[in-house]
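The chain contents come next:
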Amino acid sequence: MLFIDQWITAYLAVVAAIIGAAGGSFINCLAWRTVHREKITSGRSHCTRCGHLLGVLDLVPVFSWVFLRGRCRYCKGKISPRYLAAELLMAGVSLCLLFRFDVSLSYLYYLGFSFLLLAVGLVDLESFRIPDRFQAALILWWCLFLPAHRGELVTYLADSLAGAVFISGGLLGISMVFDRILGKDTLGGGDIKLFFVTGLYLGAAVNLLNLIVSCFLGLLLGLVLSRMANHSENEENGENKAQPGTEKRDSMQIPFGPAIALSSVLCVLIGRQLTGWYMSLF
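Since we're looking at a predicted model, the values are computed, not measured.

(A) The state of the cysteines, seen in detail. Going through the model one piece at a time under the given rule, you end up with zero disulfides. With no disulfide of its own, cysteine 96 has cysteine 267 as its nearest cysteine by sulfur position, at a separation of 14 Å. Among the residues examined, cysteine 96 registers a relative accessible area of 41% and is labelled partly exposed.

Spelled out as structure tokens, the structure:
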């Protein structure tokens, strides 16, 4: 359907981008309220600095942030660029999913998966935890679409459960060993549970690829956060060395959820092609 006519292609692409950006805006709100223990049903969106209720013109995905130059219309306080980034990211993801799966149940299935992964990543990035409610929502979304695989349900279930159990189980075993050796937690339980959930969606081979890519992205994220933390510390101290009476932090906590989320979306888009190509070499 997507490529029947160029005007239809353009129209569907615009609709997909709008859906992605609007969904990204909502998920941003959901993630912020989750971290700050504010109910999603507690009222209209408001400025996180001054608390002023936001109007329709303040809530247009992407455009509001750009036209307001990243500041609240009422208190002129800065609005985090993460709002713009999440909206643009999900607009791009929605477009990529449309061109990958066309107008289909698969598009809807993986778009919901991506939205929930965005929520996981944003919450973990700010609070260093992955709420079980998001893990449960991901499992329920997966179960909801099981009837779509009725023609190959046994094969699909076997691959999904293998991807969930083997990857997360292996990680749990490795984590327990390193926890004992190092005397501290090396991998959060939420991360292990998230790999279980992504295995349901990706299957065994692709979830293994997901683990590898997640580790690489996690290292990159760690480097970026470390540089940002050092820059912030230097600005506070006014110079590169710490102030007298303060100790420099030897290590910092790195949220792994955003890396897993981004890697999972990439694996949805190109994971099966990559694993298929690799297996064809043998």
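(B) Main features of the packing of helix α4 (residues 105–127) against helix α9 (residues 257–279). Where α4 contacts α9, the two axes come as close as 7 Å, and the packing angle between them is 160°. Accordingly, the angle class assigned to the pair α4 and α9 is roughly antiparallel. Both α4 and α9 take part in a crossing whose hand is left-handed. For the pair formed by α4 and α9, the contact residues are Tyr110, Phe113, Ser114, Leu117, Gly121, Asp124 and Leu125 on the first element and Gly257, Pro258, Ala261, Ser264, Val265 and Val268 on the second. Of the residues belonging to the contact of α4 with α9, the class tally is eight nonpolar, four polar and one charged.

(C) Region of interest: the packing of helix α7 (residues 189–202) against α9. Between α7 and α9, whose axes approach to 11 Å, the crossing angle comes to 15°. One way to sum up the angle between α7 and α9 is to call them roughly parallel. The hand of the α7/α9 crossing is right-handed. Residues Asp191, Leu194, Phe195, Thr198, Tyr201 and Leu202 of α7 form the contact with α9, whose participating residues are Gly257, Ile260, Ser264, Cys267, Val268 and Arg272.

(D) Looking closely at the side chain of aspartate 58. Mapped onto the secondary structure, aspartate 58 falls in the loop between α1 (6–35) and α2 (63–67). Relative accessible area serves as the criterion here: at 12%, aspartate 58 is assigned to the buried category. Reaching out from aspartate 58, the side chain makes a polar contact with the side chain of arginine 73 at a distance of 2.7 Å. Within polar-contact distance, the side chain of aspartate 58 engages the side chain of tyrosine 74 at 2.8 Å. Residues within four places of aspartate 58 in sequence aside, it is in contact with Ser64, Leu68, Arg73 and Tyr74.

(E) Representation of the nonpolar core. By size, the foremost hydrophobic cluster in this structure holds 56 residues, and its most contacted members are Leu97, Leu138 and Tyr201. At the level of elements, α1, α3 (81–101), α4, α5 (132–144), α6 (153–182), α7, α8 (204–237) and α9 are the ones that each hand at least two residues to this core. At 13 residues, α4 tops the list of elements feeding residues into this core. Residues contacting leucine 97, with those up to four places away along its chain left out, are Asp102, Tyr107, Tyr110, Leu111, Ser114, Val268 and Leu269.

(F) Up close: the packing of aromatic side chains. Per the counting criterion, the structure on display carries ten aromatic pairs. Ring centres of tryptophan 141 and phenylalanine 145 lie 4.9 Å apart, and the angle between their planes is 55°; on these two criteria the pair is classed as tilted. Owing to a relative accessible area of 9%, phenylalanine 145 belongs among the buried residues under this scheme. Through pairs of rings, three or more aromatic residues link up here, namely Phe101, Tyr109, Tyr110, Phe113, Trp141, Phe145 and Tyr201. Across the ring face of tyrosine 83, the terminal group of arginine 82 is positioned such that the distance to the ring centre comes to 5.6 Å.

(G) α1, seen in detail. Over its 30 residues, α1 runs 43 Å from end to end, which matches the ideal 44 Å to within 8%, given 1.5 Å per residue. Here α1 starts with a cap whose side-chain oxygen sits 2.8 Å from the backbone nitrogen of tryptophan 7, and that cap is aspartate 5.

(H) Local environment of unusual backbone geometry. Even without being glycine, arginine 69 reaches a positive phi, approximately 55°. With respect to the element layout, arginine 69 can be found in the loop between α2 and α3. Residue arginine 69 is classed as exposed on the basis of its relative accessible area of 73%. Even without glycine at this site, aspartate 102 takes up a positive phi of about 65°. If you trace the backbone, aspartate 102 turns up in the loop between α3 and α4. Under the relative-accessibility criterion, aspartate 102 is labelled partly exposed at 22%.

About the thresholds
- Residues numbered from 1 in each chain as written.
- Predicted model: local features only at pLDDT ≥ 70, side-chain atom pairs only at ≥ 80, totals over all residues.
- Heavy atoms only, no water.
- Disulfide = S-S within 2.5 Å.
- Buried < 20%, exposed > 50% of the residue type's maximum accessible area, 1.4 Å probe, protein only.
- Axes fitted to C-alpha atoms, helices over the stretch in contact; angles between N-to-C directions.
- Helix = DSSP H or I, 4+ residues; strand = E, 2+ residues; numbered from the N terminus.
- Parallel < 35°, antiparallel > 145°, perpendicular 65-115°, else oblique.
- Left-handed = near helix turned anticlockwise from the far one by under 90°.
- Contact = heavy atoms within 4.5 Å.
- Nonpolar A, V, L, I, M, F, W, Y, C, P; charged D, E, K, R; others polar.
- Polar contact = N/O pair within 3.5 Å; in protein donor to acceptor, adjacent residues only side chain to side chain.
- Core = buried A, V, L, I, M, F, W, Y, C linked by side-chain atoms within 4.5 Å.
- Phe/Tyr/Trp six-rings, centres within 6.5 Å; stacked < 30°, edge-to-face > 60°.
- Lys NZ or Arg CZ within 6 Å of the ring centre and 35° of its normal.
- Expected span 1.5 Å × (residues − 1).

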